[in-house]
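Here's the letter readout for the chains.
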Amino acid sequence: MSQITPQPGILDIDLYVGGKSTLSGRDDVLKLSSNENPLGAPASATNALTEAATGVHLYPSTDHAGLRAAIGDVWNLDPERVICGVGSDEVLQFVTQAFSGPGDEILYPEHGFSMYPILAKMAGATPVIAPETDRIVDVDAMLAAVTKQTRVVLLANPANPTGTMISESDLARLADGLPEYVILVIDGAYTEYADGYDGGAALARTRPNVLMTRTFSKIYGLGGLRIGWGYGPKDLIDVMTRIRQPFNLSVVQLAAAEAAVRDTQWVKDCAALNADQRARLVGALRQLGVFCDDPHGNFVLARFADSSEADNAEAALNADGILVRRVAGYGFPEALRITVGDADQTGRVIDVLRQWRSGT
Ligand SMILES: *Cc1c(COP(=O)(O)O)cnc(C)c1O
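What counts, and where the lines are drawn
- Residues numbered from 1 in each chain as written.
- Predicted model: local features only at pLDDT ≥ 70, side-chain atom pairs only at ≥ 80, totals over all residues.
- Heavy atoms only, no water.
- Domains from an automatic or database assignment.
- Contact = heavy atoms within 4.5 Å.
- Buried area = accessible area lost by both parts, 1.4 Å probe.
- Salt bridge = Lys/Arg side-chain N within 4 Å of Asp/Glu carboxyl O.
- Polar contact = N/O pair within 3.5 Å; in protein donor to acceptor, adjacent residues only side chain to side chain.
- Helix = DSSP H or I, 4+ residues; strand = E, 2+ residues; numbered from the N terminus.
- Nonpolar A, V, L, I, M, F, W, Y, C, P; charged D, E, K, R; others polar.
- Pairing = 2+ DSSP bridges.
- Axes fitted to C-alpha atoms, helices over the stretch in contact; angles between N-to-C directions.
- Core = buried A, V, L, I, M, F, W, Y, C linked by side-chain atoms within 4.5 Å.
- Buried < 20%, exposed > 50% of the residue type's maximum accessible area, 1.4 Å probe, protein only.
- 1 Å grid on protein atoms, 1.4 Å probe; cavity = no way out; pocket = protein on both sides within 12 Å on 5 of 7 lines; lining within 4 Å.
- Points joined across faces, edges and corners; volume = space filled by probe spheres on them.
- Near = heavy atom within 4 Å.
- Areas by Shrake-Rupley, 256 points an atom, 1.4 Å probe, with all protein chains shown as cover.
- Sits in = over half its atoms within 2 Å of the grid points.

What about the domain arrangement of the chain?
Here is step 1: Taken domain by domain, the chain comprises domain 1 (10–40 + 265–358) and domain 2 (43–262).
Here is step 2: Between the C-alpha centres of domain 1 and domain 2 the distance comes to 25 Å.
Here is step 3: Taken residue by residue, the interface counts 29 residues in domain 1 and 26 residues in domain 2.
Here is step 4: For the pair domain 1 and domain 2, the summed buried surface comes to about 2,400 Å²; carbon and sulfur atoms form 62% of the total.
Here is step 5: Of all residues in domain 1, Tyr16, His296 and Tyr330 give up the largest surface area on contact with domain 2, accounting jointly for 26% of the area buried on that side.
Here is step 6: Our enumeration of links across domain 1 and domain 2 arrives at one salt bridge.
Here is step 7: The salt bridge partner of Asp293 is Arg135, with a shortest N-O separation of 2.6 Å.
Here is step 8: Inspection of the domain 1/domain 2 interface yields ten residue pairs in polar contact (both at pLDDT 80 or more).
Here is step 9: Broken down by secondary-structure element, the contributors of at least two residues to the side of domain 1 that touches domain 2 are helix 10 (264–287), strand 11 (299–303) and strand 14 (332–339).
Here is step 10: Per-element tally for the side of domain 1 that touches domain 2: the top contributor is helix 10, with six residues.
Here is step 11: A breakdown of the residues in the side of domain 1 that touches domain 2 according to their chemical character gives 14 nonpolar, eight polar and seven charged.

This is the structure we're talking about:
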């Protein structure tokens, strides 16, 4: 590239690979590869975005006051400590970019979300991985991996792609064990699916170095619209706001998100459906001799005997028009990550796998 040199880390970035969305020769694909909501988006949100479309000639609010107030009301949080982004990915980028750079380390667990190394390298920082124990985040191993260079710890709870989670007391132990110069980011993309869990809100409310991120992409069914938010200590949020573009969220995004967050019945209904179908899918998989840890999100990590068995199971699902996520890149060549669908969709997955297992 001649005399022009990109910033450190950028050329080391492997481009993000999302879940597949098409199967050649089929237009009736059932996409269970990206943890999307089988019910789509709530009507409250799609109505709000249609209405907002009449105002797209006007610039959006720069302070997101309406959306932050709605988030504050619904989740009982101080809106002054909320920041909104283009998906939670952008909120994570605010943290990594604002608080780390070349020479610094960003720490995450072994099977951490594949955006984490990308975010570390975007900031010029060095990604560091701490081992898990049986696919569960190991707080002691995380603490042991902290160095003087560590600036940010990224942790999804529930985790993707394992679906496992650690208890609130383990999260608190991690927060308490970190040096004061390290920020703990609790990525709560799947919070609403984990019964009785606050996503790390209480920790982010009370600790000076804990941030929580949340998304509209999963239970709110708005992945295509790109909206997320973060909550944490006011001084950290203020720093992040300085590198947030003033018009990062459009009028349409803001309107849809505000309506969605106030639609608390939607979240309850979707969480209940997911819990039922998730239990059903796990039960069926285990009956077929496929290994699964207890899942806490809207997906199941189905572990087969080896990668060729996973290949075969995936081929059987694909032959029925069902797309699932290969997770070899996460260190699980023998596994498929299957999003939990509605009752019909889950039934279809179970039927295909039963037939595949019985060789018919
Ligand atoms: C899906 C997901 C997100 C959400 O990303 P958005 O940018 O909000 O769409 C964040 N973290 C994890 C671990 C996820 O699986």
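Considering the sheet that holds strand 11
In a beta sheet, neighbouring strands pair by backbone hydrogen bonds and run either parallel or antiparallel.
Here is step 1: With antiparallel pairing, three strands are arranged side by side in an open sheet as 11-14-13. Strands with a single pairing partner mark the edges of an open sheet, and in this sheet they are strand 11 and strand 13 (325–327). With strand direction ignored, the average angle separating the axes of adjacent strands in the sheet is 30°.
Here is step 2: Contacting strand 13 and strand 14, helix 11 (residues 307–319) runs over the sheet at an angle of about 30° to strand 14.

What to know about the sheet that holds strand 10 (residues 228–231)
Here is step 1: Sheet architecture is open: seven strands sit in the order 2-10-9-8-7-3-4, paired in mixed fashion. Among the strands making up the open sheet, the edge pair consists of strand 2 (82–85) and strand 4 (126–130). Strand after strand, the sheet turns through a mean of 25° between neighbouring axes, direction not considered.
Here is step 2: Where strand 7 (residues 150–156) meets strand 8 (residues 183–187), five bridges bridge the pair, whose relative direction is parallel. Paired with Val153 across the two strands is Leu184, which belongs to strand 8.
Here is step 3: Against the sheet, helix 6 (residues 168–177) contacts strand 7, strand 8 and strand 9 (210–215), and its axis sits at roughly 155° relative to strand 8.

Side note on the nonpolar core
Here is step 1: The biggest cluster of nonpolar side chains holds 58 residues, and the ones touching the most others in it are Leu67, Leu184, Phe216 and Trp229.
Here is step 2: Broken down by element, this core gets its largest block of residues, seven residues, from helix 9 (residues 251–262).
Here is step 3: Looking at which domains feed residues into this core, each of domain 1 (10–40 + 265–358) and domain 2 (43–262) gives three or more.
Here is step 4: Excluding residues within four positions of it along the chain, Trp229 makes contact with Ile71, Trp75, Leu77, Val82, Ile83, Cys84, Val91, Met212, Thr213, Arg214 and Phe216.
Here is step 5: Counting 29 residues, the second largest nonpolar core, distinct from the first, contains Phe94, Phe113, Ala125 and Val152.

Notes on empty space enclosed by the protein
Here is step 1: For the coordinates displayed, the defined rule picks out two cavities of 30 Å³ or more.
Here is step 2: Its boundaries defined by the atoms lining it, the largest cavity holds a volume of some 60 Å³.
Here is step 3: Lining of the largest cavity is provided by Glu36, Asn37, Pro38, Tyr193, Cys270, Leu273, Asn274, Asn298, Val340 and Gly341.
Here is step 4: Classifying every residue of the lining of the largest cavity gives five nonpolar, four polar and one charged.

Examining the pairing of strand 3 (residues 105–109)
Here is step 1: Of all five residues in strand 3, five are buried, a share of seventy percent or more.
Here is step 2: Of the two faces of strand 3, the one holding Glu105, Leu107 and Pro109 and the one holding Ile106 and Tyr108 are both buried throughout.
Here is step 3: As paired strands, strand 3 and strand 4 are joined by five bridges and run parallel to one another. Following the sheet pairing, Leu107 is matched in strand 4 by Val128.

A few points about the environment of Asp198
Here is step 1: Residue placement: Asp198 occurs in the loop between strand 8 and helix 7 (201–206).
Here is step 2: Relative accessible area serves as the criterion here: at 23%, Asp198 is assigned to the partly exposed category.
Here is step 3: Between the C-alpha atom of Asp198 and that of Ala259, which follows or precedes it by 61 residues, the distance is 21 Å.
Here is step 4: Excluding residues within four positions of it along the chain, Asp198 makes contact with Glu168, Thr191, Met212 and Arg214.
Here is step 5: There is a polar contact of 2.7 Å between the side chain of Asp198 and the backbone nitrogen of Gly200.

Quick notes on the site of the ligand
Here is step 1: What surrounds the ligand is a group of 13 residues, the closest being Ser88, Tyr190, Thr215, Ser217 and Lys218.
Here is step 2: In this structure, Ser217 approaches the ligand through a side-chain N or O atom, which is 2.6 Å from an oxygen atom.
Here is step 3: The fraction of the free accessible surface of the ligand (390 Å²) that becomes covered by protein chains is 93%.
Here is step 4: More than half of the atoms of the ligand fall within 2 Å of the grid points belonging to the largest pocket.
Here is step 5: If one sorts the elements of the shell around the ligand by residue count, helix 3 (residues 87–99) sits on top with three residues.
Here is step 6: Grouping the amino acids of the shell around the ligand by side-chain chemistry returns four nonpolar, five polar and four charged.

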